[in-house]
Amino acid sequence: MLQLLRIENLALMEGVSLEFEGGFTAVTGETGAGKSILLGALALLAGNRADKTLIRQGAESCLVEAALLVRNHRMERFLAEAGLPPCDDNLLLLRRILHRDKASRIFINGGIATLAQLQALGEYWIDFHGPGEPQKLFLESEQLALLDLYGGSQEARKDVAAGYRSWRNLLEEIAEVRESGKLTPEEVAFLRSQLKEIEALQLSEERVQKLEDTHKRLSASDDLHHYCDKLEHLFLDSSGICERLRESLLQARKLASLDSAAESLGDRIESMLIEAGDIANEWAQLAGEAHFEPSQIKQIKADMEAWLQLRRRYGPTVEAVLNKAASIRERLHRQQNMEQILEELLAKADNAEAHLREQARDLRSQRLQAAQQLGRATESLLRQLGFKKPRLSIDLLLRKDLAAHGDCDCSITFAPNPGLPLMPLNKIASSGELARVMLAIKSVLAAVDATPVLVFDEVDANIGGEVATAVARMLRQLGTAHQVFCITHLPQVACVAKSHYIVTKEQGEDSTSVAILRVDKDPSLRLDELARMLGDRLSESARRHAEELLSQSVSE
């Protein structure tokens, strides 16, 4: 349920903070007063795309935020999977800011969110039914979606869609194998030569690293020998470091024979001599490692050249080259076993299709039962909406080919009056009739629709009289299970609303502003508005009629 809505600098509205109750809420006002601003604010919070022209003239930004009381486990899972903060005490907080000169910002429960996340979340809490809503009923896909919603077949439909994707993927794989064709002997030989080049190097990350290090040492072997020889002379020559340490040790031992305090100094010199000898040996070992036989040099250079060629052809990493090798092996395997692979794929595709057709039949069976129940329930409500003997039929049309939604399509046909044939909805001339059909279907679906907030924008257009009264009752009944907002020009509808808001426009010489005022708490203000809707707020007959409407709505 929408509890709080705050709007700042949206279109002609400077600022308003509204608190709402559950049940049926009517929004009224003169034509052009700005009632659509309220719908626009809700649409922004539902994730609709926004134009910066919505920002009030002279303002740098506009803001819309709302607090909603929700209890929806699926929505909580969505928030968790999206990495957004959870609802605190079942309170969902939405905030959207549009800037004139910089990027807009969206917050869900205080966390920064994307427009796509706001759109996905909107599907859980709000459903709009505007003037173009009846046009959706012309689409067979929309009719089928409504039927599946009523029959509780959404999960079965998802299973069919998943099975359809798997089946189509197998068919595409079969087509790919067939289109690739049988390789010529020359193509097979070329692929095998490529694979042989890769396998010859026995590639691994460790082996390539060792090859590159060895090649680098080979390239610098002359310099390595030069510096190793020089260091060896410095340590091992007759006047080198080791010889001088030996002489120093001899003198230190003589000193220690005269003064025992010098004995430790001799020991330290001896340690230095041992360490210097070890270092000299390691210079010699390193120089030996830098020495390569001609055959070694040839092999290292050949391996390095082969590795560089593989990198140029298939990618700069060992993984890329190994992936290419795997691809070649798979292609050769397919070449050698094409008939067997095709046979296996065809068998899988046949099994997938058989399973899919079984799923589709089960789904169609659910839809047939739901279609009969939905048709009867809708006809009953249509009689309440002013049709004497309406007939509405929901037919399932078997498809020639399977589709993601199953093996059948849906067609809703309607005859508003006795003696008329059933015809598709798009053949009905009256927009008022269409609006009532849509309202009846939506009312039936309300029992199974978990969306808490329903918004109707002039759903009562092109109707009046007793039909308007019936529509009003139906909207009020919807308000027992949902929070319903309805923009209306009909006093019969406005008078039965639990909450009633008026939108007014004030125009000065240099500015125009829109305000929203709740009037159901003030009988005098509400009576004025209903009288205006009846034709003249100053007319005594209009005011008496308004009083009668209000008293009747209270007594019902």
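Check the entry above for the structure.
So, how was this worked out
Residues numbered from 1 in each chain as written. Predicted model: local features only at pLDDT ≥ 70, side-chain atom pairs only at ≥ 80, totals over all residues. Heavy atoms only, no water. Helix = DSSP H or I, 4+ residues; strand = E, 2+ residues; numbered from the N terminus. Rg over C-alpha atoms; globule rule 2.2 N^0.38 Å. Buried < 20%, exposed > 50% of the residue type's maximum accessible area, 1.4 Å probe, protein only. Contact = heavy atoms within 4.5 Å. Areas by Shrake-Rupley, 256 points an atom, 1.4 Å probe, with all protein chains shown as cover. Lys, Arg positive; Asp, Glu negative; His and termini not counted. Charge placed at Lys NZ, Arg CZ, Asp CG, Glu CD. Pairing = 2+ DSSP bridges. Axes fitted to C-alpha atoms, helices over the stretch in contact; angles between N-to-C directions. Disulfide = S-S within 2.5 Å. Salt bridge = Lys/Arg side-chain N within 4 Å of Asp/Glu carboxyl O.

Colleague: Please set out the overall build of the protein residue by residue, giving values where relevant.
Modeller: Along the protein, the regular secondary structure elements total 19 helices and 15 strands. For a compact globule of 556 residues, the expected C-alpha radius of gyration is about 24 Å, and the protein comes in at 42 Å, more than 25% above that figure. Taken over the C-alpha atoms alone, the protein extends approximately 135 × 75 × 45 Å along its principal axes. Burial analysis of the protein (556 residues in total) assigns 43% to the buried set. For the protein, long-range pairs separated by at least 24 residues make up 69% of all intrachain contacts whose partners lie at least 6 apart in sequence. Accessible surface, the protein: about 30,600 Å² in total, of which carbon and sulfur atoms supply 50%. Here the protein holds 67 positive side-chain charges and 83 negative ones, and the gap between their average locations is 5 Å.

Colleague: Describe unusual backbone geometry, listing the residues and the values that go with them.
Modeller: Of note in this structure, Ala11 is not a glycine but carries a positive phi near 55°. Tracing the sequence through the fold places Ala11 in the loop between β1 (2-10) and β2 (13-19). Here Asn109, not a glycine, exhibits a phi torsion of approximately 55°, which is positive. Residue placement: Asn109 occurs in the loop between β6 (105-108) and β7 (111-112).

Colleague: Requested: an account of the sheet that holds β2, with residues and values cited.
Modeller: With respect to topology, six strands assemble into an open sheet ordered β2-β1-β4-β5-β6-β7, the strand pairing being antiparallel. In the strand order of this sheet, the two ends are held by β2 and β7, each with one partner. Pairing analysis gives four bridges linking strand β5 (residues 91-99) to β6, with the strands arranged antiparallel. Note that in β6 the partner of Arg96 across the bridge is Ile106. Strand contacts of helix α1 (residues 36-45): β1, β2, β4 (61-69) and β5, with the helix running at about 105° to β1, the strand carrying the most contacts.

Colleague: Describe the state of the cysteines, and please don't skip the residues or the numbers.
Modeller: Scanning the entire structure with this criterion turns up zero disulfides. Summary of cysteine pairing: Cys408 is not part of a disulfide, and the nearest cysteine sulfur, belonging to Cys410, is at 7.9 Å. Take Cys408: its relative accessible area is 0%, and that puts it in the buried class.

Colleague: How would you summarise the pattern of salt bridges if you had to cite specific residues and measurements?
Modeller: With the rule as written, the count across this model stands at 23 salt bridges. Between Asp267 and Arg253 there is a salt bridge, with the nearest N and O atoms lying 3.2 Å from each other. A residue pair is termed long-range when its members are at least 10 positions apart, and Asp267 in helix α11 (residues 263-289) and Arg253 in helix α10 (residues 241-258) qualify at 14 residues. Look at Arg253 and you get partly exposed, because its relative accessible area is 32%. The closest approach of N and O atoms between Asp520 and Arg518, which form a salt bridge, is 2.7 Å. Owing to a relative accessible area of 16%, Asp520 belongs among the buried residues under this scheme. Exposure remark for Arg518: the relative accessible area of 21% places this residue in the partly exposed category. Counted as one network, the salt bridges with shared partners bring together Glu21, Lys498, Arg518, Asp520 and Lys521.

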